[in-house]
Amino acid sequence: MNDSKQTAASGAAVADAFASEQAGSKLVEKPVLYTHNVNVWYNDHHALDDTSLTFNKGEITALIGPSGCGKSTFLRCLNLMNREIDGCQITGDIIYRDHNINTPEEDLYELRRSIGMVFQQPNPFPKSIYENIAFAPRCHGLRDKASLDQLVEESLRGAALWDEVKDKLKKSAQDLSGGQQQRLCIARALALKPDVILLDEPCSALDPISTLAIEQLMTSIADGRAIIIVTHNMEQATRVSNRTAFFYMGEMVETGETEQIFNAPRTEKLQDYLNGRFS
Ligand SMILES: Nc1ncnc2c1ncn2[C@@H]1O[C@H](COP(=O)(O)OP(=O)(O)OP(=O)(O)O)[C@@H](O)[C@H]1O
Ligand SMILES: [Mg+2]
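Computed from a prediction, not measured in an experiment: that's the story for all the values here.

Peer 1: So what exactly am I meant to see when it comes to the confidence of the model for the protein here?
Peer 2: Low pLDDT marks stretches whose predicted atomic positions should not be read closely. On average, residues of the protein score 91 in pLDDT, and 90% of them are at 70 or above. Of the regions scoring below 50 in pLDDT, residues 1-9 engages in ten contacts with residues more than four places distant in sequence or in other chains.

Here you go:
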C-alpha cells in the first residue's frame, strides 16, 4: 500500500472508531471536523505533538496557551495552510466530513472554501468592498449579477457590516477602519458558505468596540458551523467559546467545556497558566 492510500485507510479507520465510540453516547451528530494524533515538524523542530481534538457544528472552540506553544500551527493544520511552509511536515489524521484530508490528493482550493480562515491582521484585497466578497464566488462559477449582488448583501449582513457600507460598495476596501476590514474578511469567508471558520487572534489589532462587534458576530455565525478561534485574551475565550483547548510547548494539555477549563482546571500546567505563573 502506498503512503497516501495508507493514510486514507487509516483516516477511514479513525472515522469508524469514532462512530462506534460515540454509538452509546448522547452525541447525535458526528463532529464536522476532528484530528487524531496530529504532529507537525518545521524541519527538525517538533512543533506539535500527537494532538487530537473534535469540533462540532454550532460550537465555538477557543485555543489558548503561551506564545510559541503551537496554537497557530494547529489551526493552520485544519485547512492544510501549513503545506505552504517550506520544510513543514504534518502527520496524523485530520478528518473532515468523514474523510482524511491530510493526503497529497486533497483539493486545497475546495477545502479552503469549506474551511475558511481569518488572520490576525485584516487582509482585504486591494479591490472594492463589493469585489472583496464577489471575487471568490465568481471564480467558483457564480456569474449571474443578481445572484452575486444578493450574495454580497447577505454576506455583509451576516458579518454585521451591511449598514455601514451599503452606500459605498464600489469604494476601496482598504479605506475601511481596521474593525470594518476584519468584518469584511469574515464576510468574504461567509460568502463561500463554509462549514468551519478558523480565526487566528482576529481581534488583536482592534480597539475594544471593534472587538466587541467581532465577538458578537462570532456568536451569530456559529449557528450551523464550527468556529475555532486562537486568542490570548482569556476574557474573550470565556465570553465567546463553548469549549476551550489549552496548549503548552507543542502539546494539547487539557480540553473541556470553557466553564470547566476556567473554573476547575484539572492540570497543574493550566492552573499555573491561568494564575499567571507563566505567560
Ligand atoms: N513557519 C515556521 N517555520 C519554522 N518554525 C515555526 C514556523 N511557525 C511556527 N514555528 C515554530 O513552531 C512553534 C509554534 O509556533 P506557533 O506560531 O504555532 O505558536 P503560537 O502558539 O501560535 O504562538 P503565538 O501565541 O506567539 O502566536 C514555535 O516554536 C515557532 O517558533
Ligand atoms: Mg500564533
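Structure's up, so let's keep going.
Peer 1: Hey, could you run me through the site of ligand 1 in this one?
Peer 2: The environment of ligand 1 is made up of 15 residues, and the closest members are Ser67, Gly68, Lys71, Thr73 and His232. A distance of 2.8 Å separates an oxygen atom of ligand 1 from a polar backbone atom of Gly68. At a separation of 3.2 Å, an oxygen atom of ligand 1 approaches a polar backbone atom of Cys69. Only strand 2 (45-51) and helix 2 (71-77) provide two or more residues apiece to the shell around ligand 1. Of the residues contributing to the shell around ligand 1, the split by class is five nonpolar, seven polar and three charged.

Peer 1: Help me out: how do you make sense of the pattern of salt bridges in this one?
Peer 2: A side chain of one charge can pair with a side chain of the opposite charge when the charged atoms of the two come close. All chains considered together, the criterion is met by 13 salt bridges. When the shortest N-O distance is used, the salt bridge between Lys57 and Asp195 registers 3.7 Å. Here Lys57 is found in the loop between strand 3 (54-55) and strand 4 (60-64), whereas its partner Asp195 is found in the loop between helix 7 (178-190) and strand 8 (196-200), with 138 residues between them in sequence. Judged by its relative accessible area of 35%, Lys57 is partly exposed. Here Asp195 falls in the buried class, since its relative accessible area comes to 11%. Between Glu215 and Arg239 there is a salt bridge, with the nearest N and O atoms lying 2.6 Å from each other. Linking Glu215 in helix 8 (residues 208-221) with Arg239 in helix 9 (residues 234-240), this pair joins segments that are 24 residues apart in sequence. Because the salt bridges share partners, they merge into one network encompassing Lys57, Arg97 and Asp195.

Peer 1: How should the packing of helix 7 against helix 8 be read in this particular structure?
Peer 2: When two helices pack together, their arrangement is given by the angle between the helix axes and by the axis-to-axis distance. Viewed as axis vectors pointing N to C, helix 7 and helix 8 meet at an angle of 15 degrees, and their least axial separation amounts to 9 Å. By the angle between their directions, the pair helix 7 and helix 8 is classed as roughly parallel. In the crossing of helix 7 with helix 8, the sense of the turn from one axis to the other is right-handed. Across from Gly179, Gln182, Arg183, Ile186 and Leu190 in helix 7, the residues of helix 8 making contact are Ser210, Ala213, Ile214, Leu217 and Ile221. Across the contact of helix 7 with helix 8, the residue classes break down as six nonpolar, three polar and one charged.

Peer 1: What should I look at first to understand the packing of helix 4 (residues 129-139) against helix 5 (residues 145-158) in this one?
Peer 2: Taken N-terminus to C-terminus, the directions of helix 4 and helix 5 make an angle of 120 degrees; their axes are 9 Å apart at the nearest point. When the axes of helix 4 and helix 5 are compared, the crossing they make is right-handed. For the pair formed by helix 4 and helix 5, the contact residues are Ile129, Tyr130, Ile133, Ala134, Pro137 and Arg138 on the first element and Lys145, Leu148, Asp149, Leu151, Val152, Ser155 and Leu156 on the second. Considering only residue class, the contact of helix 4 with helix 5 consists of nine nonpolar, one polar and three charged.

Peer 1: I tried to follow helix 7 on my own but got confused; where do I start?
Peer 2: What sets the pattern is the α-helix's 3.6 residues per turn: residues three or four places apart point alike. Across its 13 residues, helix 7 extends 18 Å between first and last C-alpha, which sits within 8% of the 18 Å expected from 1.5 Å per residue. Most of helix 7 is tucked away: twelve of the 13 residues are buried. When we look at burial in helix 7, the residues that qualify are Gly179, Gln180, Gln181, Gln182, Arg183, Leu184, Cys185, Ile186, Ala187, Arg188, Ala189 and Leu190. If you follow the buried residues of helix 7, they end up packed against strand 7 (115-118), helix 4, helix 5, helix 6 (162-165), strand 8 and helix 8.

Criteria and cut-off values
- Residues numbered from 1 in each chain as written.
- Chains lettered and ligands numbered in written order.
- Predicted model: local features only at pLDDT ≥ 70, side-chain atom pairs only at ≥ 80, totals over all residues.
- Heavy atoms only, no water.
- pLDDT = per-residue confidence, 0-100.
- Contact = heavy atoms within 4.5 Å.
- Near = heavy atom within 4 Å.
- Polar contact = N/O pair within 3.5 Å; in protein donor to acceptor, adjacent residues only side chain to side chain.
- Helix = DSSP H or I, 4+ residues; strand = E, 2+ residues; numbered from the N terminus.
- Nonpolar A, V, L, I, M, F, W, Y, C, P; charged D, E, K, R; others polar.
- Salt bridge = Lys/Arg side-chain N within 4 Å of Asp/Glu carboxyl O.
- Buried < 20%, exposed > 50% of the residue type's maximum accessible area, 1.4 Å probe, protein only.
- Axes fitted to C-alpha atoms, helices over the stretch in contact; angles between N-to-C directions.
- Parallel < 35°, antiparallel > 145°, perpendicular 65-115°, else oblique.
- Left-handed = near helix turned anticlockwise from the far one by under 90°.
- Expected span 1.5 Å × (residues − 1).

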